[in-house]
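Listed here are the chains, written in short residue letters.
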Amino acid sequence: MRTDILEIAYLEEGPAGGWPVVLSHGFPYDVHAYDDVVPKLTEAGARVIVPYLRGFGPTRFLSADRMRSGQQAALAADIIGLLDGLGLDRAILAGYDWGGLASCVASALWPERVTGLVSYAGYDVADVERQRHAYEPSLEQVVWYQHLFQRERGRECLANYRRELCRILWAQWSPGWQFDDATFERTAASFDNPDFVDVVSSIAIASIWERKRASHTWIRLKRGSRISPRSAFPA
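Nothing here was measured: the structure is a model prediction, and the numbers come from that model.

Q: Would you mind going over the packing of aromatic side chains with me for this structure?
A: Remark: the centre distance and the inter-plane angle together describe each pair of aromatic rings, the angle taken between the planes. For the coordinates displayed, the defined rule picks out 20 aromatic pairs. Look at Y145 and F149: their rings are 6.0 Å apart centre to centre, the planes differ by 70 degrees, and that puts the pair in the edge-to-face class. Linking Y145 with F149, this pair stays in helix α5 (residues 144-149), spanning four residues, or about one helical turn. Take F149: its relative accessible area is 4%, and that puts it in the buried class. Cation over ring: R167 sits above F184, and NZ or CZ is 5.2 Å from the ring centre.

Q: Just checking my understanding: could you explain the sheet that holds strand β6 (residues 91-96) for this structure?
A: Adjacent strands of a sheet pair through backbone hydrogen bonds, lying either parallel or antiparallel. In space, the five strands of this open sheet follow the order β2-β4-β3-β6-β7, with mixed pairing throughout. Each of the sheet's edge strands pairs with one partner strand only, and the pair in question is β2 (10-13) and β7 (114-120). Between one strand and the next, the sheet's axes are offset by a mean angle of 15 degrees, whatever the strand orientation. The pairing of strand β3 (residues 19-24) with strand β4 (residues 46-51) spans four bridges and is classified as parallel. Residue pairing in the sheet places W19 in a bridge with A46 of β4.

The rules behind these values
Residues numbered from 1 in each chain as written. Predicted model: local features only at pLDDT ≥ 70, side-chain atom pairs only at ≥ 80, totals over all residues. Heavy atoms only, no water. Phe/Tyr/Trp six-rings, centres within 6.5 Å; stacked < 30°, edge-to-face > 60°. Helix = DSSP H or I, 4+ residues; strand = E, 2+ residues; numbered from the N terminus. Buried < 20%, exposed > 50% of the residue type's maximum accessible area, 1.4 Å probe, protein only. Lys NZ or Arg CZ within 6 Å of the ring centre and 35° of its normal. Pairing = 2+ DSSP bridges. Axes fitted to C-alpha atoms, helices over the stretch in contact; angles between N-to-C directions.

The structure is reproduced here in structure tokens:
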């Protein structure tokens, strides 16, 4: 499905006339995160749409010149673009991690397009001001990869060892999940997207960029300019 920025690949299950639900995955996962969820929803009468987020699987940017942004407003706009392309006025949005962030921001900026919201995320909408300050060491340790990705060395690590790095995160975040090689590889294929490294790396530095942009936006608002929150950040 084509938006003005992406060719979004997605899975769809359930009756065409069912109540629409968009399930958005997180990092480093893909649409298979919902393999056990989709049947339950379709049995209840839902039309379930599960997109590959930008930088994952078959989803592609239409222009080579487009910034490979993973900024929260860009992820949210992708969901709205998907709804537009499918001819859906409104839908239930659900997600976790990146998908939860995208669903929450889409709900905040386009509430008229959302009939319900289910989010399982550590950050429902990124708190830009809070990100300027340190967290306790136990949390900083957990997000080690975000610090790594802020440097070119980290980007190189992700490019050269994406499977190894992402598998470490799977094991770290779900220590009780005894997944096998086949389960991991089924999703890891989505990491071969040519924009995966750029989009993932941009997430780590997005908070820095957002702080700068937010400061400029606040100054302009203080001066009386009219700025739409939907267009305040790049796609």
